[in-house]
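# Remarks on the overall topology
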Amino acid sequence: MTIPEAFLRAEYALLHGEDSEGRRSALEAWKARHVDPEWADFSLLVCAEGCPWAEVQNALMESAPLGAMRVVLVPQAENLLEKPKELPPTIKALLERPLPDTRLLLVSRTPLSAGPGRILGAKPFNEWLQQGRVLKVGALEEKEAQGYVEAQAQLLGLKLEAGVAARLAARLGGIPGILKRTLEVLELLAENHRVSTEMVDQISFRLGEQNAFAWSQAWQKGQLAQALATLRVALEDDPSGAPLMMLGQARREVDRLCRLLEARAKGVKAPQELAAALGLNPRQGFLLEGYGRVLDRVKPAGAVRLLRLVNQVDLDLKGLALSGGRTPLVSLTLSLCRAWVQQP
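A brief structural summary. Being a predicted model, the structure only gives us computed values, none of them experimental.

A few words now on the pattern of salt bridges. Evaluation of the coordinates by the stated rule reveals 11 salt bridges. Between Lys 31 and Glu 28 there is a salt bridge; the shortest N-O distance is 3.9 Å. One end of the pair, Lys 31, and the other, Glu 28, are both in helix H2 (residues 20-34), three residues apart, so they sit about a helical turn from each other. Residue class for Glu 28 comes out partly exposed when judged on its relative accessible area of 41%. Glu 253 is the salt-bridge partner of Arg 256, the closest N and O atoms lying 4.0 Å from each other. Linking Arg 256 with Glu 253, this pair stays in helix H13 (residues 242-265), spanning three residues, or about one helical turn. Comparing Arg 256 with Glu 253, the two get one shared label, buried.

Once that is clear, we can look at empty space enclosed by the protein. Enumeration over the complete set of coordinates arrives at one cavity of 30 Å³ or more. As a volume, the largest cavity reaches approximately 90 Å³. In terms of lining, the largest cavity is formed by Glu 18, Ser 20, Ile 175, Ile 178, Arg 181, Leu 244, Leu 247, Gly 248, Arg 251, Asp 314 and Lys 318. For the lining of the largest cavity, the secondary structure elements donating two or more residues are helix H9 (176-189) and H13. No other element matches the four residues that H13 contributes to the lining of the largest cavity. Tallied by class, the residues present in the lining of the largest cavity amount to four nonpolar, two polar and five charged.

This part takes up a nonpolar patch on the surface. Together, Val 185, Leu 188 and Leu 189 make up a nonpolar patch on the protein surface, roughly 310 Å² of accessible area in all. With respect to the secondary-structure elements, Val 185 resides in helix H9. Relative accessible area serves as the criterion here: at 38%, Val 185 is assigned to the partly exposed category.

Inspection of every chain in the model, using the stated rule, returns zero disulfides. For Cys 258, which is in no disulfide, the shortest distance to another cysteine sulfur is to Cys 337 and amounts to 19 Å. By relative accessible area, Cys 258 is classed as buried at 13%.

All chains considered together, the criterion is met by four aromatic pairs. Feature note: the residues Trp 215, Trp 219 and Trp 340 constitute an aromatic cluster, connected by ring pairs.

Turning our eyes to something else, we now look at the side chain of Asn 311. Within the secondary structure, Asn 311 is located in helix H15 (residues 288-317). In this structure Asn 311 comes out as buried when scored by relative accessible area, which is 5%.

With that settled, the discussion passes to the packing of helix H7 (residues 142-156) against H9. H9 packs onto H7 with a crossing angle of 40° between their chain directions and a minimal axis gap of 10 Å. Accordingly, the angle class assigned to the pair H7 and H9 is oblique. With respect to the hand of their crossing, H7 and H9 are arranged in right-handed fashion. On the side of H7, the interface is formed by Ala 145, Tyr 148, Val 149, Gln 152, Ala 153 and Leu 156, while H9 contributes Pro 176, Leu 179, Lys 180, Leu 183, Glu 184 and Glu 187. Of the residues belonging to the contact of H7 with H9, the class tally is eight nonpolar, one polar and three charged.

What follows is about the nonpolar core. Grouped together as the largest cluster of nonpolar side chains are 35 residues, with contacts concentrated most on Trp 215, Leu 257, Leu 332, Leu 336 and Trp 340. Of all the elements in the fold, those that place two or more residues in this core are helix H11 (214-220), helix H12 (224-237), H13, helix H14 (271-277), H15 and helix H16 (326-340). Sequence-distant contacts of Trp 340, defined by excluding residues within four places in its chain, comprise Trp 219, Gln 220, Glu 253, Val 254, Leu 257, Tyr 291, Val 294, Arg 297 and Leu 306. Grouped together as the second largest cluster of nonpolar side chains are 25 residues, Val 72, Leu 80, Leu 87 and Leu 106 included.

Two pairing modes exist for strands in a sheet, parallel and antiparallel, and in both the strands are linked by backbone hydrogen bonds. One open sheet holds the five strands; their spatial order is E2-E3-E4-E1-E5, and the pairing between them is parallel. Two strands in the sheet have a free side with no partner beyond their single neighbour: strand E2 (44-46) and strand E5 (134-136). The sheet shows a mean angle of 15° between the axes of neighbouring strands, taken without regard to direction. One ladder, built from five bridges, connects strand E3 (residues 70-74) with strand E4 (residues 102-108); its direction is parallel. Looking at the pairing, Val 74 lines up with Leu 106 of E4. Lying over the sheet, H2 contacts strand E1 (12-16), E2, E3, E4 and E5, oriented at roughly 180° with respect to E4.

A separate point is the side chain of Ser 108. As for its placement among the helices and strands, Ser 108 is situated in strand E4. The contact partners of Ser 108, leaving out residues within four places of it in the chain, are Leu 15, His 16, Gly 17, Arg 23, Glu 78 and Leu 81.

The element E3 is largely enclosed, with a buried count of five among its five residues. Of the two faces of E3, the one lined by Arg 70, Val 72 and Val 74 and the one lined by Val 71 and Leu 73 are each fully buried. With three bridges connecting them, E2 and E3 associate as parallel partners. Residue Val 46 lies in a different strand from E3, and its bridge partner there is Leu 73. At this point the chain moves from E2, through helix H4 (residues 53-61), to the parallel E3, and the crossover so formed is right-handed. Of the crossover connections in this fold, the one passing from E3 over helix H5 (residues 89-96) to the parallel E4 is right-handed.

Analysis parameters
- Residues numbered from 1 in each chain as written.
- Predicted model: local features only at pLDDT ≥ 70, side-chain atom pairs only at ≥ 80, totals over all residues.
- Heavy atoms only, no water.
- Salt bridge = Lys/Arg side-chain N within 4 Å of Asp/Glu carboxyl O.
- Helix = DSSP H or I, 4+ residues; strand = E, 2+ residues; numbered from the N terminus.
- Buried < 20%, exposed > 50% of the residue type's maximum accessible area, 1.4 Å probe, protein only.
- 1 Å grid on protein atoms, 1.4 Å probe; cavity = no way out; pocket = protein on both sides within 12 Å on 5 of 7 lines; lining within 4 Å.
- Points joined across faces, edges and corners; volume = space filled by probe spheres on them.
- Nonpolar A, V, L, I, M, F, W, Y, C, P; charged D, E, K, R; others polar.
- Patch = residues over 30% accessible without salt bridge, like charges linked within 9 Å, V, L, I, M, F, W, Y side chains within 5 Å.
- Areas by Shrake-Rupley, 256 points an atom, 1.4 Å probe, with all protein chains shown as cover.
- Disulfide = S-S within 2.5 Å.
- Phe/Tyr/Trp six-rings, centres within 6.5 Å; stacked < 30°, edge-to-face > 60°.
- Axes fitted to C-alpha atoms, helices over the stretch in contact; angles between N-to-C directions.
- Parallel < 35°, antiparallel > 145°, perpendicular 65-115°, else oblique.
- Left-handed = near helix turned anticlockwise from the far one by under 90°.
- Contact = heavy atoms within 4.5 Å.
- Core = buried A, V, L, I, M, F, W, Y, C linked by side-chain atoms within 4.5 Å.
- Pairing = 2+ DSSP bridges.
- Right-handed = clockwise from strand over helix to strand, strands pointing away.

What follows is the structure, encoded as C-alpha cells:
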C-alpha cells in the first residue's frame, strides 16, 4: 500500500475506511513521520475510545517536553465525525488554525462521505480533503479486488489458474488485508507456486458442500438454526481464519445496504443507477430488489445499527474488546437474520 506524501506530512490529518490493515499501516507511517521515538512516551497522547471533543482539545493543549511536538491520536473518532453541524466552534477554530507544535490524527473505522451535510462536505474537513490531508482505506470493488489479488500474487511469485482471482474476490469480499493473508496461506501450500481453484476450496472453511456462502445464505433466508449450525462448523474447522472471512461477507452485505440508503437520500431512483451505487455489475441487478426490501423493513436507523454492529464485531475479533470471537459472531448472526428475514 502506497501512502500519499500529502497525508504523511499533514500536521492535522484524518484517516478513515473499513480496511483495518490499511488503517494500521497508514497510522504507523504517519506516527513515524511525526513522533520522535525517544520522546514518544511523553509527547504522544492517545485519546480514549468514544471520547468527546473536549478530551481532544485538552490533549492538544497539554504541553509537551521542551523541543518535542505534542502528538494526539484519536483512534476511534466516529462519534466526533457523525454530525458536522454539531462541531463546537472552538474545535472548528482549532482545526482550521492548529496550535503551534501540535499534531493530530483522527481515525474512523467507517468510511466517511463528502456529500451534502456530511463531515467531508463541511469545513474544515472539505478543505483537508482538497489538501490531501484525508486518506481513505476502504474495501475494493469486485473488479478492483480481482486486480489486487493478481498483483499480490505476482509479488509473492504465485501463478493463479484462470478464475482463481475472481473466486477469491467473490468469496472473501474486497478487504485487502483478508485477501493478502489468504494469498500468503496459499503460498505456503502451493507446490511450484501454482494455485488452483481446488486449493481455494481446500483452504476455505467448510460450509455445506464447500459453499462459502452457506452462512450468509442461511441468515438472508431467515434460517437461524442453519446459520448458527454453519457458524459452529466454520469456527471448529478454521478458528483463526473463518471469523474474518465471515465478517467480510457480512460487511459486504451491510455496506451495500448503506450504499442504497445513501443513494436514495440523494434522490437516485433509476434501477441501473442504484445498482451502480451498490457496486453491482449488470448481471447482479436482480439483487437490488432484495436490498430494497431489507432497507424498507429496517429503516435508515436499522441500517446504521447493523453497520455499527459489524464494526464492533471487527473490534472484538481483533482483540480490542472484552468478548471473544464466537459470542460477537452469534450476536451478529441473530441481528442479520432478523433484518433479512422474509415477512409472511
